[in-house]
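Structural description and commentary
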Amino acid sequence: MTETTGRRRAATTVTAAALLTAGLASALAPAAYADSPSAPAPVPAAELAQARSAVQDPAVLDKVGHFFARKGVPPTRQLTIGAAEEARAASAAEPRLAGDTVPVYLLDPGFVAGTPGAPIAKAEFTASKVVAADGQSASVWTVRQGGAWKVVNIASGGDESDYAAKAAGSGGGTAFREPQVNAWYVLRDGRVLPLDDEARRSVGAGGVTLAAYQQLVHQRYGDKLPGSAYDRAGRGGGYEADAASQPGVASQPDTAPRPAAVAEAAGGGSPLPAVTAVAALGATALVGAGAVLRRRTGVRRG
């Protein structure tokens, strides 16, 4: 298992690759959504158990220990300490799993496009939070590949698990992420409610109906699908938030790297299947603005 590292604050995954399945024409004509949501498909408990088992592999935990020991320094760069000291620090990290292994739901491109019956979000990978003896935490991502669950990424922090727990503890529902603006929400009783500051800026403290949220994300991204003028212009590396789509919020800079940079981070021609490529920073259009490379990660390739 090899690693590449970068800086980013929130999960770098995007649902962009899946947008290849959504036609541009349908994206420009949003459907009228009822307030009763199409619930995201759950991940069976047995599958989550298998994903967790993959993270518990001693070789994986050793790799996480080195992730903690390096504190974000890419393996391609030399540390100020020697290899032996790094190995001791990795061992001293004593990485252990904390909390549940959870499915990570990302905004569904069919929902953005207005495809009738499309769920608001779908599970793209699972995440297991791992903590170190010194308090550092990391999220280890797994995807199903070749009939087994494989580790594909290590990311600093524990957003994926933390927001799932926050949703469960505040009344239940499905936590999901809109990666383009780095916002976490919970779908509960037909409403989209905020879980973080970015989401509150997006939909307000009281949230919005499912129908209103569908219109909002269609306004933001409906013209940014693969094949669109936005994509053909080579702007698929980032989304610049429009102040008109976020009342009272100034436009945000388009700071995400361009597709070539993202492809390099993902390992270029990775043999991983589509869902794995998404989890490992694969991108076309609709890459999260400012989210990519704001959280240090280690990505498994091959």
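As a convention, each chain's residues are numbered from 1 in the sequence order in which they are written. Side-chain atom pairs in this predicted model are given and counted only at pLDDT of 80 or more, local residue features only at pLDDT of at least 70, and totals for whole chains, interfaces and linings cover all residues. The side-chain quantities take in all heavy atoms of the structure and omit both hydrogens and water.

A word on the overall build of the protein
A run of H or I in DSSP becomes a helix once it reaches four residues, and a run of E becomes a strand once it reaches two; helices and strands are each numbered from the N terminus. A count of helices and strands for the protein gives eleven helices and ten strands. In the protein, which comprises 302 residues, the share counted as buried stands at 53%. Taken as a whole, the protein presents about 12300 Å² of accessible surface, with 54% of it coming from carbon and sulfur. Partly exposed describes any residue whose relative accessible area lies between the buried limit of under 20% and the exposed limit of over 50%, with all areas from a 1.4 Å probe on protein chains only and scaled to the type maximum. Residue-level accessible areas treat just the shown protein chains as cover; the underlying method is Shrake-Rupley with a 1.4 Å probe.

Structural notes on the confidence of the model for the protein
Taken residue by residue, the protein gives an average pLDDT of 73. The fraction at 70 or more is 63%. Confidence per residue, as judged by the predictor, is encoded in pLDDT with a range of 0 to 100. The contact definition used throughout considers only heavy atoms, calling two residues in contact when any of these lie within 4.5 Å. Segment residues 1-36: pLDDT under 50, and 136 contacts once partners within four positions in sequence are set aside and those in other chains are kept. Long-range and interchain partners of residues 241-294, a stretch whose pLDDT sits below 50, account for 131 contacts in this model, where long-range means more than four residues apart.

Looking at helix H3 (residues 58-70)
With 13 residues, H3 extends 18 Å between its outermost C-alpha atoms, agreeing within 8% with the 18 Å of an ideal straight helix rising 1.5 Å per residue. Here H3 has its buried residues at Val60, Leu61, Val64, Gly65, Phe67, Phe68, Ala69 and Arg70. The backbone nitrogen of Ala59 has a side-chain oxygen 2.7 Å away, supplied by the residue at the start of H3, namely Asp57. Positioned one or two residues after H3, Lys71 has a phi angle of 50 degrees, which is positive. Take the residue count of a helix, subtract one, and multiply by 1.5 Å to get its expected span. The definition of a polar contact used here is a pair of N or O atoms within 3.5 Å, where within protein one atom must be able to donate a hydrogen and the other to accept one, and adjacent residues in sequence count solely through side-chain atom pairs.

Re the environment of Val64
Here Val64 lies in helix H3. A sequence separation of 74 residues divides Val64 from Ala138, and the C-alpha atoms of the two residues are 7.9 Å apart. Sequence-distant contacts of Val64, defined by excluding residues within four places in its chain, comprise Pro95, Val130, Val140 and Ile154.

Observations regarding helix H4 (residues 83-93)
Those residues of H4 that sit buried are Glu86, Ala90 and Ala93. All buried residues of H4 fall inside an arc of 55 degrees around its axis, so they share one side. Away from the buried face of H4 by more than 90 degrees, exposed residues Arg88 and Ser91 are located. One or two steps after H4, the chain reaches Glu94, where phi turns positive at roughly 45 degrees. Think of the arc as the fan of directions from the helix axis to the C-beta atoms.

Remarks on the pattern of salt bridges
Here a salt bridge means any side-chain nitrogen of Lys or Arg lying within 4 Å of a carboxyl oxygen belonging to Asp or Glu. This structure, assessed with the given rule, holds eight salt bridges. Residues Glu86 and Arg70 are paired through a salt bridge, measuring 3.0 Å at the closest nitrogen-oxygen approach. Taken together, the positions of Glu86 in helix H4 and Arg70 in helix H3 put the pair 16 residues apart, joining distant regions of the chain. Classification of Glu86 by relative accessible area gives buried; the value is 12%. Residue classification places Arg70 among the buried residues on the basis of a relative accessible area of 12%. Of the charged contacts in the structure, one is a salt bridge between Lys224 and Asp223, with a shortest N-O distance of 3.1 Å.

With respect to the packing of aromatic side chains
Any pair of Phe, Tyr and Trp rings, taking the six-membered ring for Trp, is counted once the centres come within 6.5 Å. Such a pair is stacked with planes under 30 degrees apart, edge-to-face with planes over 60 apart, and tilted for the rest. On inspection of all chains with the given rule, the structure shows seven aromatic pairs. Here the aromatic rings of Phe111 and Tyr213 are separated by 6.1 Å at their centres, their planes lie at 25 degrees, and the arrangement is stacked. Taken together, the residues Phe111 in helix H5 (residues 109-113) and Tyr213 in helix H8 (residues 210-221) connect sequence positions 102 residues apart. Here the aromatic residues Phe111, Phe176, Tyr185 and Tyr213 are joined through ring pairs into a cluster of three or more.

A word on the nonpolar core
Residues enter a nonpolar core if they are buried and are Ala, Val, Leu, Ile, Met, Phe, Trp, Tyr or Cys, with the set joined through side-chain atoms within 4.5 Å. Residues Leu107, Ile120, Phe176, Tyr185, Val192 and Tyr213 are the most contacted members of the largest nonpolar core, which totals 20 residues. Elements with a minimum of two residues in this core: strand E2 (102-107), H5, strand E7 (183-188), helix H7 (197-203) and H8. Setting aside anything within four residues of it in sequence, one finds Phe176 in contact with Tyr105, Leu107, Ile120, Ala121, Ala183, Trp184, Tyr185, Val186, Leu187, Val192 and Tyr213. Counting residues in each nonpolar core, the second largest holds 16 residues, with Val104, Val143, Val186 and Leu195 among its members.

Focus: the pairing of strand E6 (residues 174-178)
Counting buried positions along E6 gives four out of five residues, so the element sits mostly inside the fold. Note on pairing: DSSP must find at least two bridges between two strands before they are called paired. When E2 meets E6, the two strands line up parallel, connected through two bridges. Across the sheet, residue Leu106 finds its bridge partner in E6, namely Arg177. The sheet contact formed by E6 and E7 spans five bridges and is antiparallel. Each bridged residue has a counterpart across the sheet, and for Glu178 the counterpart in E7 is Ala183. Between E6 and E7, which pair antiparallel one after the other, the connecting turn spans four residues, and Asn182 there sits at a positive phi close to 55 degrees.

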